[in-house]
Amino acid sequence: MLECNIVKNARLLVAATLAAALIAGCSSPEQEGTPGAASSGTSKRFLSMGTAPPGGAFFVVGGALAEVLDDNKGTNGWSITAEATKGTQENIRRLSRGELDLALANAAITYFAIRGEEGWEQKHDVKNVMTLAPNVALFLTPKGSGLTKMADLRGKRVVIGPAGAGFEFFLRPILAAHGLALTDFTALNASQSSAVDMLADGSADAVFVGGAVPTASITQAATSQDITFISFEPQAIDQLVARYPFFEKVTVPAGTYKGMDAGFPTLNVGSMHLIAAGNAEDEMVYQVAKTLWENRAKVVEKHAAGKAINEKVVIKDPGTPFHPGAIRFYREIGIWPEQGTAPAAQPGS
């Protein structure tokens, strides 16, 4: 009898062990693939990339990056989807909450977010994966409006970007350098595509739009109506570039937009950059940087901003520290500066 009980108990133990193993091995893809969830290396997971509202460059470029990553995953088990969002501010907050895995952001906004400054309620731990194309901002006004310089914006109706997108983070310094503030005109919120419509129907006197060159909304405005580009003052540009790491002098080439017959000096108001949470897995970030680098020509096929994926631009310091996984890849291919000149800025500095 004792021997029978021993055999019976042994059989029950084996059955229980097998059942536990089966349960452990059958966790659902949904559980493994929730945005921000931990995973091992390049195992199967679903990744979400935050972009911006339709009409701007972020939406198109983010879609291109996600598609190239998904189509060229190799042995990586990810499935990557681009998600339309309200823009950089939402992307940073959702990365911090683990609701996104990757996101496009404007480096000027990220600069203040990681420092908890300019209205950010706390320091947000996000890191740069790669610096991408400059965000070239322009003020547009109907030809014949009489607005020719920044000071002329006083008392006018000016679209300053979508609500919550964070354009004010780089617009405030630009205005201050010209002796202006947001309270000096009626600030209106609208998406870039809607801003163009408001310019055409007269509900706005000027609009502040931009992105990677060429920007769809500016192309639309220049081809559908007669517009004038309002210039920044040269001394204001010098002041801004000297003070903030995310501002950079740029010249939009002649002919980029209809009516732009000569090179137009303006500002990179904060490069588009690909970011991840500070605690994102090193291996995941390494593989994302590697895949985009090795397939950069395919990104260019989808948007000209892909040309920025080169040895000079991707490691540019926009004022946000790089993720260790990205640094590992850039060191591996020999483009990361040995003296660590990128990134120079640190949170709270």
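Right above here is the structure, for reference.
Fair warning: this is a prediction, and the values are worked out from it, not measured in the lab.

**Focus: the layout of surface pockets**
Point 1. Considered as a void within the structure, the largest pocket measures approximately 310 Å³ in volume.
Point 2. Lining the largest pocket are 20 residues, with Ala133, Pro134, Val213, Ala304 and Ala308 sitting closest to its centre.
Point 3. Broken down by element, the residue count for the lining of the largest pocket peaks at four residues, all from strand S10 (residues 248-252).
Point 4. Partitioning the lining of the largest pocket into residue classes produces 13 nonpolar, four polar and three charged.

**Remarks on unusual backbone geometry**
Most peptide bonds take the trans configuration, and most residues that are not glycine carry a negative phi.
Point 1. The phi dihedral of Glu118 is positive, around 55°, even though this residue is not glycine.
Point 2. Overall, Glu118 belongs to the partly exposed group, its relative accessible area being 46%.

**Remarks on empty space enclosed by the protein**
Point 1. What the rule picks out here adds up to two cavities of 30 Å³ or more.
Point 2. In this structure, the largest cavity spans a volume of roughly 280 Å³.
Point 3. Forming the walls of the largest cavity are 26 residues, and the residues nearest its centre are Ala52, Phe58, Phe167, Gln192 and Gly210.
Point 4. Mapped onto the lining of the largest cavity, the elements with two or more residues apiece are helix H3 (57-71), strand S5 (136-142) and strand S8 (206-211).
Point 5. In terms of residues, the lining of the largest cavity owes the most to one element, S8, which gives four residues.
Point 6. Considered class by class, the residues forming the lining of the largest cavity number 15 nonpolar, 10 polar and one charged.

**Considerations on the packing of helix H10 (residues 282-294) against helix H12 (residues 324-332)**
Point 1. Closest axis-to-axis distance for the H10/H12 pair is 7 Å, and the angle between their directions is 45°. It follows from the interaxial angle that H10 and H12 lie oblique. By crossing handedness, the relation of H10 to H12 is classed as right-handed. Contact residues: Asp282, Glu283, Val285, Tyr286, Ala289, Lys290 and Trp293 in H10; Pro324, Gly325, Ala326, Arg328, Phe329, Tyr330 and Glu332 in H12.
Point 2. Among the residues making up the contact of H10 with H12, the classes are represented as eight nonpolar, one polar and five charged.

**Concerning the packing of aromatic side chains**
Point 1. Tallied over the entire structure, the rule returns 21 aromatic pairs.
Point 2. Ring geometry for Tyr244 and Phe247: centres 5.8 Å apart, planes at 75°, overall edge-to-face.
Point 3. Looking at Phe247, the relative accessible area reads 3%, which means it is buried.
Point 4. Each residue in the set Tyr111, Phe112, Trp120, Phe169, Tyr244, Phe246 and Phe247 is aromatic and connected to the rest through ring pairs, giving one cluster.
Point 5. Sitting over the ring of Tyr111, Arg115 keeps its end group 3.9 Å from the ring centre.
Point 6. A cation over an aromatic ring shows up here: Arg296 above the ring of Trp293, its NZ or CZ 4.2 Å from the ring centre.

**Details of helix H9 (residues 234-243)**
Point 1. Of all the positions in H9, only Ala236, Ile237 and Leu240 are classed as buried. All buried residues of H9 project into a common sector of 100° when viewed along the axis, lining one side. Exposed residues pointing more than 90 degrees away from the buried face of H9 are listed as Pro234, Gln235 and Ala242.
Point 2. Structurally, H9 contributes buried residues whose contacts are with helix H6 (168-177), S10 and strand S11 (264-268).

**Some remarks on the environment of Val241**
Point 1. Position of Val241 among the secondary structure elements: in helix H9.
Point 2. The spatial distance from the C-alpha of Val241 to the C-alpha of Asn268 is 9.5 Å, given a sequence separation of 27 residues.
Point 3. Look past the residues within four positions of Val241 in its chain and what remains in contact with it is Phe247, Glu248, Lys249 and Leu267.

**With respect to the pairing of strand S1 (residues 45-50)**
Point 1. Counting buried positions along S1 yields five of six residues, so the element is predominantly enclosed.
Point 2. In this sheet, strand S2 (residues 78-83) lies alongside S1 in parallel orientation, the contact comprising six bridges. Across the sheet, the residue bridging to Phe46 is Ser79, located in S2.
Point 3. Once you follow S1 into H3 and on to S2, the crossover reads as right-handed.
Point 4. Direction of pairing for S1 relative to strand S3 (residues 102-106): parallel, over a ladder of two bridges. Within S3, the residue paired with Gly50 across the bridge is Ala103.

About the thresholds
- Residues numbered from 1 in each chain as written.
- Predicted model: local features only at pLDDT ≥ 70, side-chain atom pairs only at ≥ 80, totals over all residues.
- Heavy atoms only, no water.
- 1 Å grid on protein atoms, 1.4 Å probe; cavity = no way out; pocket = protein on both sides within 12 Å on 5 of 7 lines; lining within 4 Å.
- Points joined across faces, edges and corners; volume = space filled by probe spheres on them.
- Helix = DSSP H or I, 4+ residues; strand = E, 2+ residues; numbered from the N terminus.
- Nonpolar A, V, L, I, M, F, W, Y, C, P; charged D, E, K, R; others polar.
- Buried < 20%, exposed > 50% of the residue type's maximum accessible area, 1.4 Å probe, protein only.
- Axes fitted to C-alpha atoms, helices over the stretch in contact; angles between N-to-C directions.
- Parallel < 35°, antiparallel > 145°, perpendicular 65-115°, else oblique.
- Left-handed = near helix turned anticlockwise from the far one by under 90°.
- Contact = heavy atoms within 4.5 Å.
- Phe/Tyr/Trp six-rings, centres within 6.5 Å; stacked < 30°, edge-to-face > 60°.
- Lys NZ or Arg CZ within 6 Å of the ring centre and 35° of its normal.
- Arc of directions from axis to C-beta.
- Pairing = 2+ DSSP bridges.
- Right-handed = clockwise from strand over helix to strand, strands pointing away.

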